[in-house]
Amino acid sequence: MTSNRRTFAIISHPDAGKTTLTEKLLLQGGAIHLAGEVKARGQARRARSDWMKIEQQRGISVTSSVMTFEKDGITFNLLDTPGHEDFSEDTYRTLTAVDSAVMVIDVAKGIESQTKKLFEVCRLRNVPIITFVNKVDREGRSLFEILDEVADALALDVSPQSAPLGMGGLFTGVLDFADDTVAKPEGDSREYRGKREPLGDLPDDLAEEIELVREGYPEFDLEAYRNGDLTPVFFGSALKNFGVEELIDAIAKWAPPPRPQPAGEEQISPERDEVTGFIFKVQANMDPNHRDRIAFMRQVSGTFKRGMKLTPSGFGKPIAIHSPILFFAQDRELADTAEAGDIIGIPNHGTLRVGDTLSETNKVRFTGLPNFAPEILRRVALVDPTKTKQLRKALDDLSEEGVIQVFYPEIGAQWIVGVVGQLQLEVLISRLDAEYKVAANLEASPFATARWIKGAQKDLDEFEKYNRATLAKDRDGDLVFMAKSPWDVGYQQEKHPELVFSATKER
Ligand code: GDP
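As a starting point, this report considers the structure included with it. Predicted model, so just to flag it, every value in this text is computed and none were measured.

About the cut-offs
Residues numbered from 1 in each chain as written. Predicted model: local features only at pLDDT ≥ 70, side-chain atom pairs only at ≥ 80, totals over all residues. Heavy atoms only, no water. Pairing = 2+ DSSP bridges. Helix = DSSP H or I, 4+ residues; strand = E, 2+ residues; numbered from the N terminus. Axes fitted to C-alpha atoms, helices over the stretch in contact; angles between N-to-C directions. Contact = heavy atoms within 4.5 Å. Buried < 20%, exposed > 50% of the residue type's maximum accessible area, 1.4 Å probe, protein only. Right-handed = clockwise from strand over helix to strand, strands pointing away. Near = heavy atom within 4 Å. Polar contact = N/O pair within 3.5 Å; in protein donor to acceptor, adjacent residues only side chain to side chain. Areas by Shrake-Rupley, 256 points an atom, 1.4 Å probe, with all protein chains shown as cover. Nonpolar A, V, L, I, M, F, W, Y, C, P; charged D, E, K, R; others polar.

Re the sheet that holds strand β6 (residues 157-160)
Turning to step 1, where the next piece is worked out: Pairing within the open sheet is mixed, and its 7 strands lie in the order β2-β3-β1-β4-β5-β11-β6. At either margin of the open sheet sits one strand with a lone partner, and together these are β2 (66-71) and β6. Adjacent strand axes in the sheet meet at a mean angle of 30°, parallel and antiparallel pairs treated alike.
Turning to step 2, where the next piece is worked out: The pairing of strand β1 (residues 5-12) with strand β3 (residues 74-79) spans 5 bridges and is parallel. Looking across to β3, one finds that Arg 6 is bridged to Phe 76.
Turning to step 3, where the next piece is worked out: Contacting β1, β4 (100-106) and β5 (129-134), helix α5 (residues 113-124) crosses the sheet at an angle of about 145° to β1.
Turning to step 4, where the next piece is worked out: Sitting on the sheet, helix α6 (residues 143-154) is in contact with β4, β5, β6 and β11 (230-235), with an inclination near 150° to β11.

A word on the pairing of β4
Turning to step 1, where the next piece is worked out: Burial analysis of β4 places 7 of its 7 residues in the buried class, which makes it a mostly covered element.
Turning to step 2, where the next piece is worked out: Here β4 shows a buried face lined by Ser 100, Val 102, Val 104 and Asp 106 and a second buried face lined by Ala 101, Met 103 and Ile 105.
Turning to step 3, where the next piece is worked out: As judged from the 5 bridges shared by β1 and β4, these two strands associate in the parallel manner. What sits directly across from Ser 12, in β4, is Val 104.
Turning to step 4, where the next piece is worked out: As paired elements, β4 and β5 share 6 bridges and run parallel to each other. Its bridge partner lying in β5, Ala 101 is registered against Ile 129.
Turning to step 5, where the next piece is worked out: Handedness of the β4-α5-β5 crossover: right-handed.

Focus on the site of the ligand
Turning to step 1, where the next piece is worked out: The local shell around the ligand holds 16 residues, among which Asp 15, Lys 18, Thr 19, Thr 20 and Ser 237 are the closest.
Turning to step 2, where the next piece is worked out: The contact in question runs from an oxygen atom of the ligand to an N or O atom on the side chain of Thr 20, over 2.5 Å.
Turning to step 3, where the next piece is worked out: Within the complex, the protein chains bury 77% of what would otherwise be the 580 Å² of accessible surface of the ligand.
Turning to step 4, where the next piece is worked out: The residue makeup of the shell around the ligand, split by class, is 4 nonpolar, 6 polar and 6 charged.

None of the figures reported here should be taken as evidence of function without further support.
Below you can see the structure in the form of structure tokens.
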């Protein structure tokens, strides 16, 4: 049986057109009926949830969501990745839950920093990529320049599937190489509304450019694409609707159905009968009327049915999933069944944690969802010292969501939070205040980074005995070495070859 699920993310640099493209994809899929609705709804939702003030102030998307739409019998699950570079950790986790990605680049700007970083994450996991070169209705770089830049910057073969006929003021449509038709602009807005014409005569220089683009690059090769060695490239304009149809069709036709997922030595196939999945994200207070938290589970295998009992690996006892949520264009829908590749939102009160495996037998453990060593460490100082209990609860909750990491030093009373990016600290302070009514300040800490320590219990005990001043426990009670500098890490590692000082922790 081949699956009709396509679970993917869009990676891009801010402003390249991800939001606009998302809208158009949802529109094509019939999930929403008015362009502009994604942002409009998003804003309405944000305005209601005042806990995410930063999102409004900075105009960036801090939270990530899931959008499901259908077209021609294929179910597309689009996972939104937060675009800001400070959120690499969250973004990384989201990318562990997809089978492929669409990379959007601005035809005038080419590969930008954030695109490159996200691409590297995809490459680590061999996530195949379809490239969408956006904004060809405006002036941009030449086709060769863009194609060669993608090929060089990312060390990928590029296989163009279409080409704009002119750009900016000279733009007269997009030529689809598959059938030699041209999608034409119409009306005052010069958008694509479905009008296609056979390719006629072109001016000589344009004809020559197109010919060279068609001949000068590799043919599409499904295996090379699926291995992450080749990217098909579509040119288009999300704003004016060019190339969107072709992109959806390409995802349907080429993007991989749900892939097997690593679980230690094993690979769990989507065909396995047992329902399994892993939590890649936990988000609190999505709906201000329900102070719940939603754990996002990427289903890996089996057919999920509402009410089913699954055992979370971090909890150990089965829980009945009575009100799972499927995300249909940002509206919550009750799910009755779900398949491998689907994302299910599971409301809970803290039972489910990022990295948890859920399964029927409790025998599977998915691997590869790491915590990253924090690069910024701060002490949390309470303004009102009687609020210690609330602070502890808040820090535990927020670390469980993956917003921050928390470290409780073995000596001394001041708790330490660790983040990968500065913006996470602002989110922390804002949410402490808004959700937990705790006023706190962040102060410098003597530590520069942290390492999880692994080893035989007796070696750990021995190390602990002599290094209490630099040791802390994380939320799970695991031992963490707080280092004053990266050099410090190297020094301890050399002195203690029996222990492993790890920059990531896999749950
Ligand atoms: P995001 O930050 O990647 O989500 O980008 P947005 O979708 O918000 O787009 C950034 C800006 O580029 C907005 O002003 C869009 O209207 C504009 N934009 C997006 N796609 C196109 C396009 O195809 N052509 C033109 N001319 N502008 C576009």
